[in-house]
Amino acid sequence: MHKIDIELIEMTLDVMKYAIERISSTNPKIGKPKKEAALKAMVGETITKKGIGGEYAFNLWKKYLMKATVPIDHPRHLAFVPASPTRAAIMFDLVTSASSVHGAYWMEGAGAIFCENEAMKWIVSLTGMPEGTFGVFTSGGTAANLSAIVTAREHWREEESNKNEKGLIITSVGAHSSIKAMAQVADVDILLVDSEEKLTGADLRKAIDQLHRHERKRLFAVVATGGTTNAGIIDDLEGIAKICGDEKLWFHVDAAYGGGALAADSVRHLFNGIEKADSVTIDPHKWMFSPYDCGAVIYKYPELAKKAHSQEGSYLEIFKDEGAQGFNPADYQIQLTRRVRGLPLWFSLATHGTDKYKIAVERGLELAQIAGSMIEKMPHVELVRAPSLSCVLYRRIGWTPEDYKQWTYDNHKKGFALVAPTKWKIGQDFETVSRFCFINPHTTKKDIEQILNSMA
């Protein structure tokens, strides 16, 4: 399996040809899933004792399996939080894999980790956090949020009276699903403040004041959101930061989606207060145009993260010895084994410069405003709320939840677009509505117009 022969060379050329075609494609197919039984009928048994051969397996991928996937960078993929990695970043993702670098410790990955750290310095600079702040790349927002909250909890437990307590955190109902997931993994309780719009300092103050004495003792962190996934809402970061400071609570900002907008001068002021955070999550694989998977967690006091996450073992001692000293990413988040996933971002930033990143992020904001204006002029649709960041919530007048779902399936089946419904709280009820999320600068006004017209 590891020998170098003519078959390997030919297979490598085939893979490179595929990569070139994919990277340079300007009209990708959106693709659609198929049931497992249907895929099995198309490709048959692929894992056998003797193997089916690389050329045959690769052709199965190109002819059948690839077409049962949805490329996340399709210009009419506007559901969830899509992505649009730059061509430079995709190219260097190939280089990253081919280089086989283990990115846990400086001793093995110094050159690659150096590159990651250069990219991280730029991300940190966008937050305005104080000197000494630094971060590490993770697999995504869930791992980043978990790493931050575990750091916060372990710091809280340094006080003897908290050692045997189960911690409590506060966030809003609009927070990302990963906050609830990571709280379960970290075994901490979570209090959700019922605020579909932004979480304010007053909301937080009220929630804290209503805690019983023992609950208040268990409270150690607050998670604010810098751009909710559902609607692009930014919490009152200034107000929340002040209360966290007064109450001596860890202030974490989940800006996994919205953090990319820190690069946009037009909306940077909306994030005022983020510089006072103890930790911040940002996903470069969302609005910083990096390939999956690439998240980031940033700490005001990295040494606290190191204290919480650094692993010990006789087989790891060599990485800590004099001569191997440098930044060890494994010390600052939950993963030991890690890919140098910040490397494609570094190459893209180095290739294009940060000014072009600002322009690309501003385009996502502009597309949301274009969509909002278009919706206001059309008789069959209306805005649910004003566009926020690059999210637009709107309703098709007269539609039921089933109508939205069927419309989504029909457009996807045609290979036209993927725009999914969501729910929005109106009074005490939740209404099914439609949602755009713009990331891809290649999305056009015509794309938006065609999607909206398909609802008529």
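Shown above is the structure to which this text applies.
Since the structure is predicted, the reported quantities are computational estimates derived from the model, not experimental observations.

The rules behind the values
Residues numbered from 1 in each chain as written. Predicted model: local features only at pLDDT ≥ 70, side-chain atom pairs only at ≥ 80, totals over all residues. Heavy atoms only, no water. Helix = DSSP H or I, 4+ residues; strand = E, 2+ residues; numbered from the N terminus. Rg over C-alpha atoms; globule rule 2.2 N^0.38 Å. Buried < 20%, exposed > 50% of the residue type's maximum accessible area, 1.4 Å probe, protein only. Contact = heavy atoms within 4.5 Å. Areas by Shrake-Rupley, 256 points an atom, 1.4 Å probe, with all protein chains shown as cover. Lys, Arg positive; Asp, Glu negative; His and termini not counted. Charge placed at Lys NZ, Arg CZ, Asp CG, Glu CD. 1 Å grid on protein atoms, 1.4 Å probe; cavity = no way out; pocket = protein on both sides within 12 Å on 5 of 7 lines; lining within 4 Å. Points joined across faces, edges and corners; volume = space filled by probe spheres on them.

## Notes on the overall build of the protein
No. 1: In terms of helices and strands, the protein carries 17 helices and 11 strands.
No. 2: Scaling as 2.2 N^0.38, a compact globule of 456 residues should have a C-alpha radius of gyration of about 23 Å, and the protein matches this with 23 Å.
No. 3: Dimensions of the protein, computed from the C-alpha atoms along their principal axes, are close to 65 × 65 × 45 Å.
No. 4: Looking at the protein as a whole, 51% of its 456 residues are labelled buried.
No. 5: The contacts in the protein between residues at least 6 apart in sequence include a share of 72% that link residues at least 24 apart.
No. 6: Carbon and sulfur atoms form 55% of the exposed surface of the protein, whose accessible area is close to 21800 Å².
No. 7: The centroid of the 55 positive side-chain charges in the protein is displaced by 6 Å from the centroid of its 56 negative side-chain charges.

## Considering the environment of Val-124
No. 1: Relative to the helices and strands, Val-124 is located in helix 5 (residues 106–127).
No. 2: Ignoring anything within four residues of it in the chain, the contact list for Val-124 reads Met-129, Thr-133, Phe-134, Gly-135 and Ile-298.

## With respect to empty space enclosed by the protein
Space left empty within the atom packing is revealed by a probe, the size of a water molecule, rolled over the atoms.
No. 1: Applying the stated criterion to the full structure yields 2 cavities of 30 Å³ or more.
No. 2: By volume, the largest cavity is sized at about 30 Å³.
No. 3: Around the second largest cavity sit Asp-93, Ser-290, Pro-291, Tyr-292, Asp-293, Cys-294, Arg-339, Arg-341 and Pro-344, which together line it.

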